[in-house]
Amino acid sequence: MDLDTVRTFVVAADAGQFQEAAAELAVTQQAVSKRIAALERTLGVRLFTRTARGAELTIDGQAFLPHARELLRVAERAVASVRTGRRPLRVDVIASRGAAAGLLRGFHRAHPEIDLDVVMLFDIETAVAAIRSGAIDASFRAVAVPGRPLPEDIESVRVLDEPLQLLTGPAHALAGARSVSLAQLAGHRIWMPGIVPGTEWAAYYDDLVAEFGLTIEATGPNFGSDALLDTIADTPALATFMGEHTRLVWPAGHGLRRIPVTDPTPVYPHSLLWHRDNPHPALATLRAHLAATTAGHGAAGTWAPSWVIPR
């Protein structure tokens, strides 16, 4: 069904005259008549009866009018959903409690007028494909994994270096430390069941292990953060790494300790990815906000893999 004919029908019904409808639509009266006739042929009914006063709706025309209005409303909503600047900015944050989600929450507090759609995609290949297809506008990632450079049409900027902390239970040998060096962690079991081979975070921790001789175990199923916290609290021999900005809550009885890691401080590098031809105005606002509110990168006394984009 041609929406121009439906729009012409609604305007003519409201005006009561084809001549007035033509003036409102900036077309000729003949064009209005042709559009109405075409719609009537499509529907197989008469919509108007010509009278001395103009044009009156038939019974079928009266029945069709509310549906015609709804068709136009649906069409407008459909256009608005993809119109640059009118649709929400769609951003991937990987996980709801991580640093990237915190950065986006800060952006929302600073710009509550900008509509956001927050999505959580698992791996970088999926995120990049979604950016290139237009399914999302941006993604927070650690890039680029060795041997997998970003496509030429994907831009990135480093926005946050997040220090790692050691999370231990109350009976762990390091639980009372105010800070621990990477050298002190050699020989301690660090359990991280959420590491999945092939992901950017797996590449990060592989380099960390190789550089400092650590022992990171990814054994066992990943039952989520609650199960991880329960196990760390109850097992003196295990600890885990957690980002400084990761927001997790646990029962007070767990007695968990978050301990800064130093000499050097390993930082997880978060970058923002987007398509270079994406015209969404809110994307530029997000980038400007991150540039103004996040700290510097590559600070003295920190460590990140050599493959991390330095910008």
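Use the structure listed above.
A quick note: this is a predicted structure, and the numbers were derived from the prediction, not measured.

Participant: A description of the overall build of the protein chain should follow, citing residues and the corresponding values.
Facilitator: Each helix and strand in the protein chain was counted, giving 10 helices and 13 strands. Compactness check: the protein chain gives a C-alpha radius of gyration of 30 Å against a globular reference of 19 Å for 311 residues, more than 25% above the reference. Projected onto its principal axes, the C-alpha coordinates of the protein chain cover approximately 95 × 40 × 30 Å. Of all intrachain contacts in the protein chain linking residues separated by at least 6 positions in sequence, the fraction that spans at least 24 positions is 74%. For the protein chain, the computed accessible surface area is about 15,700 Å², with 54% contributed by carbon and sulfur atoms. Each charge class in the protein chain can be summarised by its mean position, and for the 29 positive and 33 negative side chains these summaries are 6 Å apart.

Participant: Help me get a handle on the pattern of salt bridges, residues and values and all.
Facilitator: For the structure shown, the criterion picks out 10 salt bridges. We note a salt bridge from Glu-70 to Arg-73, for which the minimum N-O separation is 2.9 Å. With a gap of three residues between them, Glu-70 and Arg-73 both fall in helix H4 (residues 59-82), about one helical turn apart. Judged by its relative accessible area of 32%, Glu-70 falls in the partly exposed class. Owing to a relative accessible area of 41%, Arg-73 belongs among the partly exposed residues under this scheme.

Participant: Describe the pairing of strand S10 (residues 238-243), listing the residues and the values that go with them.
Facilitator: Among the six residues that make up S10, six are buried, leaving the element largely enclosed by the rest of the structure. Residues Leu-238, Thr-240 and Met-242 line one face of S10 and the alternating positions Ala-239, Phe-241 and Gly-243 line the opposite face, and both faces are buried. Here strand S6 (residues 154-168) runs beside S10; their pairing, made up of five bridges, is antiparallel. Of the residues in S10, the one forming a bridge with Thr-168 is Ala-239. Direction of pairing for strand S8 (residues 189-191) relative to S10: parallel, over a ladder of two bridges. Its bridge partner lying in S10, Ile-190 is registered against Ala-239.

Participant: Explain unusual backbone geometry residue by residue, including any values.
Facilitator: Between Asp-263 and the following residue, Pro-264, the backbone shows a cis peptide bond with an omega angle of -10°. Structurally, Pro-264 is set in the loop between strand S11 (257-262) and strand S12 (265-275). Despite not being glycine, Ala-26 shows a phi value in the positive range, around 60°. Here Ala-26 lies in the loop between helix H2 (18-25) and helix H3 (29-43). Judged by relative accessible area, Ala-26 falls into the exposed class, the value being 68%. Phi angles above zero are rare outside glycine, and Ile-94 is one such case at about 70°.

Participant: Help me get a handle on the pairing of S12, residues and values and all.
Facilitator: Here S12 lies mainly inside the structure; 11 of its 11 residues are buried. Side chains Thr-265, Val-267, Pro-269, Ser-271, Leu-273 and His-275 of S12 all project onto a buried face; the interleaved residues Pro-266, Tyr-268, His-270, Leu-272 and Trp-274 project onto the opposite face, where all are buried too. Bridging between strand S5 (residues 138-141) and S12 involves four bridges; their strand directions are antiparallel. Bridging across to S12, Arg-141 finds its partner in Ser-271. Taken together, the nine bridges between S6 and S12 define a ladder with antiparallel strand orientation.

Participant: Describe the layout of surface pockets, with residues and values.
Facilitator: Taken as a whole, the largest pocket holds about 1,100 Å³ of empty space. If you trace the largest pocket, you find 34 residues lining it, with Ala-95, Gly-98, Gly-194, Trp-201 and Thr-246 closest to the centre. Elements with a contribution of two residues or more to the lining of the largest pocket: helix H5 (99-110), S5, S6, helix H8 (200-212), helix H9 (225-234), S10 and S12. When residues of the lining of the largest pocket are assigned to their parent elements, the largest contribution, four residues, is made by S10. Of the residues in the lining of the largest pocket, the class split is 20 nonpolar, 10 polar and four charged.

Participant: Go over a nonpolar patch on the surface with me, naming the residues and quoting the values.
Facilitator: Taken together, the side chains of Met-1, Leu-3 and Leu-71 define a hydrophobic patch exposed on the protein surface, amounting to about 260 Å² of accessible area. Its place among the elements puts Leu-3 in helix H1 (residues 3-15).

Participant: Can you tell me about the environment of Trp-250, naming the residues and giving the values?
Facilitator: If you trace the backbone, Trp-250 turns up in the loop between S10 and S11. Accessibility expressed as a relative area gives 21% for Trp-250, which makes it partly exposed. Residues Trp-250 and Val-267 lie 17 residues apart in sequence; the distance between their C-alpha atoms is 24 Å. Non-local contacts of Trp-250, meaning those with residues more than four positions away in its chain, are made with Leu-167, Leu-229, Leu-256 and Arg-258.

Participant: Before we move on, could you go through the packing of H1 against H3 and cite the residues and values that matter?
Facilitator: Closest axis-to-axis distance for the H1/H3 pair is 9 Å, and the angle between their directions is 110°. Looking at the two axes, H1 sits roughly perpendicular to H3. H1 and H3 meet at a crossing whose hand is left-handed. Residue-level inspection shows Asp-4, Thr-5, Val-6, Thr-8 and Phe-9 of H1 in contact with H3, the latter providing Val-32, Arg-35, Ile-36, Ala-38 and Leu-39. Tallied by class, residues from the contact of H1 with H3 come to six nonpolar, two polar and two charged.

Calculation rules
Residues numbered from 1 in each chain as written. Predicted model: local features only at pLDDT ≥ 70, side-chain atom pairs only at ≥ 80, totals over all residues. Heavy atoms only, no water. Helix = DSSP H or I, 4+ residues; strand = E, 2+ residues; numbered from the N terminus. Rg over C-alpha atoms; globule rule 2.2 N^0.38 Å. Contact = heavy atoms within 4.5 Å. Areas by Shrake-Rupley, 256 points an atom, 1.4 Å probe, with all protein chains shown as cover. Lys, Arg positive; Asp, Glu negative; His and termini not counted. Charge placed at Lys NZ, Arg CZ, Asp CG, Glu CD. Salt bridge = Lys/Arg side-chain N within 4 Å of Asp/Glu carboxyl O. Buried < 20%, exposed > 50% of the residue type's maximum accessible area, 1.4 Å probe, protein only. Pairing = 2+ DSSP bridges. 1 Å grid on protein atoms, 1.4 Å probe; cavity = no way out; pocket = protein on both sides within 12 Å on 5 of 7 lines; lining within 4 Å. Points joined across faces, edges and corners; volume = space filled by probe spheres on them. Nonpolar A, V, L, I, M, F, W, Y, C, P; charged D, E, K, R; others polar. Patch = residues over 30% accessible without salt bridge, like charges linked within 9 Å, V, L, I, M, F, W, Y side chains within 5 Å. Axes fitted to C-alpha atoms, helices over the stretch in contact; angles between N-to-C directions. Parallel < 35°, antiparallel > 145°, perpendicular 65-115°, else oblique. Left-handed = near helix turned anticlockwise from the far one by under 90°.

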